[in-house]
Amino acid sequence: MSGLLLDQTVPGATTCLLIGELPDPVGFALDHYQSILWWAEPSHAQATIARLGRNRVRLGDLVAATPAGIGQTLEHFVRLNPRQLPSLYVTDSIGGPHHETYQTVIAETHALLESTRRSRVTRQQDGFTWQKHILQNVAAYARRRVPASWAGALRGQPAFVVGAGPSLDVSIPQLTAYADRAVVFSADSALRALARHGVTADFAVSIDVAKIPAKCLAPDGPAPVRVILASVSPPTWQTAVPIAPFFLSGHQLTDDWLATLGVARSAPTVAESCGSTALELACYLGCDPIHLFGLDLAVDPANQVQRHQRDADATLYVRSNFDPTARLPLVPGNYTDTVPCFALGDWRELDARLAARTAPRTINVTDRGARLRGTTVVHPDGFTLDFPLLDRSALASALEAEAAHEPVAATRKALHTVGDRCAQAIPGLRHALDRRGPAALATAFTPLVLDPDIGRAFGAYALRLMPHLVPPIEGDHAHWQTLLDEFAELAELARNST
């Protein structure tokens, strides 16, 4: 579209983010948006603001803008519509004296929309499944959280932390050559690559709701020795591997609620991705040095379609919102000035953590990818590891004090109480929907979702429901019937939890 560098029109959006001076004539429609946040030179914008309607347009301050201030302004703006993301337009007039500020605005906008999309869209897609998995995993989570006795248990042992970025296709021969000298921590989607090279992961991390064992484990390859899960992980992992998995606490309201009932949160906790979580686990265990393989967090500028190494199951990422044709934000690269980053928020968080650390030593073994401060970059062709063979029997002995936390009686009782209360409410909820429609059901749902125990016990699902309870009430009878059926299924899982 003429005059636009970026056009992300969201169907049904009522709000709009506009960056840069508008072309004349404007080649895209803005009149139907109820609210517009516009970052532009004030002298250019004033006349157009009057035409668009001053009550609809907020002008961003390019002169006094700071990254933190820009982020706060954007975050406040996206809250205006809790159900829909704003459309985004970046014009080709973002140069001049404010060029650097425009670039900061674009970066902060990418980061916020990425995190908001993840929380909103993913929550609507997966909130029910998240909560179902949490309730199905609750007994195992209570018994087998990563124990405090693991802290520093592998102090001074070298570690390989393996992600599934495309650089792993180049570095895995070197990883394989030295795998008998290091503790191997693998993201779930890298397990097949390791298995194809005969490498058994000492720890595998799987924290995503959709990553079932069948799509991660090699059918004929070695299973990882230990699997680390989150409460939202598919419960089929519990019977897919020889040793019962361990759990890390995550960013779930239900995990926090369980902590108030005596099921203490683990340390460490789930990080932003499987690879980052594997790195945090290696740090917790005291490994040093830590070598990163396949933690690219970026695509090759010459091949933006490729996000992951060749053995990863591509169907794991079909709902990741990754668009290889989109203009991706640029971040510092290891071998080029910048690289296109498909996970800006993940890169920022990991980069900040590593930059703040003085230990352990962290070596990034890669031929591409995003630059991570606090790491030393080594090309795979130059990688060696001058350590003796790892005594894996000693490693197993160091981890023998495994978690044996029985489910707390108060936890089981509290879940049963929540399940009973919700089950008792189901007939009234069905009556409200059938007799008076979606608005009546929304009204009846509201006190249940806002109840401190029900809201936290059904945390991910309560957050899925909440935007639908805000007027105007939208959706037909079938949509609300689905929400009610999901709520009823969770009530039965809670009342029958063991």
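Each remark here, short or long, concerns the structure printed above.
What this report covers is the structure whose coordinates are included nearby. (Residues numbered from 1 in each chain as written. Predicted model: local features only at pLDDT ≥ 70, side-chain atom pairs only at ≥ 80, totals over all residues. Heavy atoms only, no water.)

## Structural notes on helix H4 (residues 168-178)
Owing to its 3.6 residues per turn, the α-helix aligns residues three or four sequence positions apart on the same side. As a reminder of what qualifies: Whether a residue is buried, partly exposed or exposed follows from its accessible area with a 1.4 Å probe, protein chains only, as a fraction of its type maximum: under 20%, in between, or over 50%, in that order. Starting at the N terminus, helices and strands are each numbered in turn, a helix being any DSSP run of H or I of at least four residues and a strand any DSSP run of E of at least two. Two residues qualify as a contact provided that any one of their heavy atoms is within 4.5 Å of a heavy atom in the partner residue.
Turning to H4, its buried residues are Leu-168, Ser-171, Ile-172, Gln-174, Leu-175 and Tyr-178. Those residues of H4 that are buried lie in contact with strand E6 (159-162), helix H5 (191-196), strand E11 (290-293) and strand E14 (362-365).

## Let's talk about the environment of Glu-486
Relative to the assigned elements, Glu-486 resides in helix H14 (residues 477-495). Placed 25 residues apart in sequence, Glu-486 and Tyr-461 show a C-alpha to C-alpha distance of 8.9 Å. Ignoring any residue separated from it by four or fewer positions in sequence, one finds Glu-486 in contact with Phe-128, Tyr-461 and Arg-464.

## A short note on the side chain of Gln-131
We apply this condition: Contacts described as polar in this section are N or O atom pairs within 3.5 Å, which, within protein, must combine one atom able to donate a hydrogen with one able to accept it, while residues neighboring in sequence count only if both atoms come from side chains.
With respect to the helices and strands, Gln-131 occurs in helix H3 (residues 99-143). Here Ala-457 takes part through its backbone oxygen, which lies 2.7 Å from a polar atom of the side chain of Gln-131. If we skip the residues at most four places from it in the chain, Gln-131 touches Thr-254, Ala-457, Phe-458, Gly-459, Ala-460, Tyr-461 and Leu-490.

## Describing the packing of H3 against helix H8 (residues 344-356)
Definition in use: Helix axes use the C-alpha atoms of the stretch in contact, all axes being lines fitted to C-alpha atoms, and the angles between their N-to-C directions lie in the range 0 to 180 degrees. Under this scheme an angle from 65 to 115 degrees is roughly perpendicular, one under 35 degrees roughly parallel, and one over 145 degrees roughly antiparallel; angles in between are oblique. Any residue outside Ala, Val, Leu, Ile, Met, Phe, Trp, Tyr, Cys, Pro, Asp, Glu, Lys and Arg is labelled polar, Gly included; the first ten of those are nonpolar and the last four are charged.
Packing of H3 against H8 brings their axes to within 8 Å, and their N-to-C directions diverge by 105 degrees. On the basis of the axis angle, H3 is roughly perpendicular to H8. Together, Ala-107, Glu-108, His-110, Ala-111, Glu-114 and Arg-118 of H3 and Leu-344, Gly-345, Asp-346 and Arg-348 of H8 make up the contact between the two elements. In terms of residue class, the contact of H3 with H8 is made up of three nonpolar, two polar and five charged.

## Overview of the sheet that holds strand E4 (residues 57-60)
Backbone hydrogen bonds hold the strands of a sheet together, and the pairing may be parallel or antiparallel. Stated formally: The rule for pairing is simple: two strands pair if DSSP sees at least two bridges between them.
With mixed pairing, five strands are arranged side by side in an open sheet as E1-E5-E2-E3-E4. Each end of this open sheet is capped by a strand with a single partner; those strands are strand E1 (4-8) and E4. When the angles between neighbouring strand axes are averaged without regard to direction, this sheet yields 15 degrees. Note that E1 and strand E5 (residues 87-91) share four bridges and pair antiparallel. Within E5, the residue paired with Gln-8 across the bridge is Leu-88. Against the sheet, helix H1 (residues 42-52) contacts strand E3 (35-39) and E4, and its axis sits at roughly 170 degrees relative to E4. On top of the sheet, helix H2 (residues 67-78) reaches strand E2 (15-19), E3 and E4; it is set at about 165 degrees to E3, its chief contact.

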